[in-house]
Amino acid sequence: MKKVIFLDLGKHPITNNFLKTPKPDKEFFYNLKLVFNNKTKLISLANFVKPKMMFNDTYAHRASASMTMQNAYNKLAEKIKKKYDPKKILEIGSNDGVFIKNFKKVKNIGVEPCKNLAKITKNMGIETYDEFWDFKLSNKIKEKHGKIDLIYSANTISHIHNLSETFKAIKNLLGEDGIFILEDPSLMESLKNVAYDQFYDEHSYVFSITALKNITKDFDLEIFKIEKLKTHGGSNRVYFKKIDNKKYKVSKIVMKQLKNEKKYGINQLKTYTKFASKVKKSKRNLIKIFKKLKKINKTVIGYGATYKSSTVLNYCKLNSNFIKYFLDTTPTKKGKYTPGTHIPIFKYKGIPKNIDYAFLGAWNFKDEIFKKEKSFIKRGGKFITHVPNPKIL
Ligand code: DWN
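Rules behind the numbers
- Residues numbered from 1 in each chain as written.
- Predicted model: local features only at pLDDT ≥ 70, side-chain atom pairs only at ≥ 80, totals over all residues.
- Heavy atoms only, no water.
- Near = heavy atom within 4 Å.
- Polar contact = N/O pair within 3.5 Å; in protein donor to acceptor, adjacent residues only side chain to side chain.
- Areas by Shrake-Rupley, 256 points an atom, 1.4 Å probe, with all protein chains shown as cover.
- Helix = DSSP H or I, 4+ residues; strand = E, 2+ residues; numbered from the N terminus.
- Nonpolar A, V, L, I, M, F, W, Y, C, P; charged D, E, K, R; others polar.
- Domains from an automatic or database assignment.
- Phe/Tyr/Trp six-rings, centres within 6.5 Å; stacked < 30°, edge-to-face > 60°.
- Buried < 20%, exposed > 50% of the residue type's maximum accessible area, 1.4 Å probe, protein only.
- Lys NZ or Arg CZ within 6 Å of the ring centre and 35° of its normal.
- Contact = heavy atoms within 4.5 Å.
- Buried area = accessible area lost by both parts, 1.4 Å probe.
- Salt bridge = Lys/Arg side-chain N within 4 Å of Asp/Glu carboxyl O.

Undergrad: Describe the site of the ligand, listing the residues and the values that go with them.
TA: Around the ligand sit 25 residues in total, of which Glu202, Tyr307, Lys308, Lys333 and Lys372 are the nearest. Within the side chain of tyrosine 200, a nitrogen or oxygen atom sits 3.0 Å from a nitrogen atom of the ligand. Interatomic distance of 3.1 Å between a side-chain N/O atom of histidine 203 and an oxygen atom of the ligand. Taking 700 Å² as the accessible area of the ligand by itself, protein coverage stands at 96%. Secondary-structure elements contributing two or more residues to the shell around the ligand are helix H10 (307-316) and helix H11 (366-372). For the shell around the ligand, the element with the highest residue contribution is H11, accounting for three residues. When grouped by side-chain class, the residues that make up the shell around the ligand number eight nonpolar, eleven polar and six charged. In terms of domain composition, the shell around the ligand takes at least three residues from each of domain 1 (3-36 + 270-392) and domain 2 (42-266).

Written out as structure tokens, the structure reads:
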């Protein structure tokens, strides 16, 4: 059997659908099930949601919403300039420009189908295509600018359903000596952390290096370098070149990482069935914590109304009976309600004095948050996390 469903997380809403009212007339739900492809070793959702339902002109997430990510992108931009010195750079999924704005002195191009986000980079003077990435668009850009030296894409390729079309379009636009850099959450880290919240409508795939190697080889692309990152709870930055490009040597890290994944069992279905059992246990234990705190009348809020947290809240059925409200710094989430679970979201102005516990929706920014919330911690406030296992911190 080529494709096997190994985990059913139940019915889920569109994670970007932050609601204007806690009692919407209609809300769209789909079945969130995870699939293992025995041939390519790719992990994906069983049911994809239509792209236009997720990525439109009401897209809420701003990549620059955390200092951690701002610093990471600035640092990477400097490194790229020094090491590769691209004259033409293109970003697929340029969001609010947090990365691409660092390349003002060379030709920088953004691709961003969410029109509200594309408007931000257009206003910065960056040529931005507010379209979905595909072969047709790669041709349109090639006709105008010729081939591109460096294509970068963070937290976006994992969001695109048609990977063949995606890599075909990259191959088409990338110069013969060019580099394509992909950055996405690491499947191995997600499995180790029991971070099942990396799976939601937008994350059609969570990539292993093994699967990436298998699915890109037909498109003349070869991985030559990998960097393991701490961002988003553990990500891989994967560098590709065209197979005939001898300018860059394939680093030993690539083979090492493939071996590590094999040893961990990335190629085997049983790894995923074990993960599924851990997820079910995680759900039981997280619910236990919330029920206990409710029983002793503790006031619990959520910290960071992330897209990820939508999976946890809906899977564990944690609504406003358990979480009074969420605090979030993103202006477009303010005054809205979490999808599916209808918990109010308020603008972050510090954690109020009457709060006993805060559930870390943005657990991936724990260090940044703990630094910021010293006074909450000092007065006895506690955080709740489900990663790597449900506990009070
Ligand atoms: O891939 C994706 C990632 C990169 O971004 C998208 N599909 C959607 C989105 O997912 P997410 O919401 O899970 O991402 P973040 O970056 O973990 O979201 C952090 C949220 O937490 C933001 O809404 C900002 C908020 N936040 C906060 O309120 N206070 C974050 C920090 C660090 C804070 O101190």
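Undergrad: Hey, could you go over the packing of aromatic side chains for me, with residue numbers and the actual values?
TA: The final tally for this structure, using the stated rule, is 27 aromatic pairs. Each ring, one from tyrosine 84 and one from tyrosine 239, has its centre 6.3 Å from the other, and the planes form 45 degrees; the classification is tilted. Here tyrosine 84, found in helix H2 (residues 67-84), pairs with tyrosine 239, found in strand S11 (residues 235-242); they are 155 residues apart in sequence, far enough to count as distant. Relative accessible area serves as the criterion here: at 15%, tyrosine 84 is assigned to the buried category. Here tyrosine 239 falls in the buried class, since its relative accessible area comes to 0%. Here the guanidinium or amino end of lysine 283 rests over the ring plane of tyrosine 315, the centre of that ring lying 4.4 Å away. Of note, lysine 372 hangs over the ring of tyrosine 348, and the distance from its end group to the ring centre comes to 5.2 Å.

Undergrad: Residue-level account of the domain arrangement of the protein chain, with values.
TA: Taken domain by domain, the protein chain consists of domain 1 (3-36 + 270-392) and domain 2 (42-266). On a C-alpha basis, the centres of domain 1 and domain 2 stand 27 Å from each other. Taken together, the contacts link 39 residues of domain 1 with 38 residues of domain 2. Here domain 1 packs against domain 2, burying approximately 3400 Å² in sum over the two surfaces, 62% of which is carbon and sulfur. Of all residues in domain 1, Tyr272, Phe275 and Tyr307 bury the most surface against domain 2, accounting for 16% of the area lost on that side. At the boundary of domain 1 with domain 2, the tally comes to zero salt bridges. Across the contact surface, domain 1 and domain 2 share 18 residue pairs in polar contact (both at pLDDT 80 or more).

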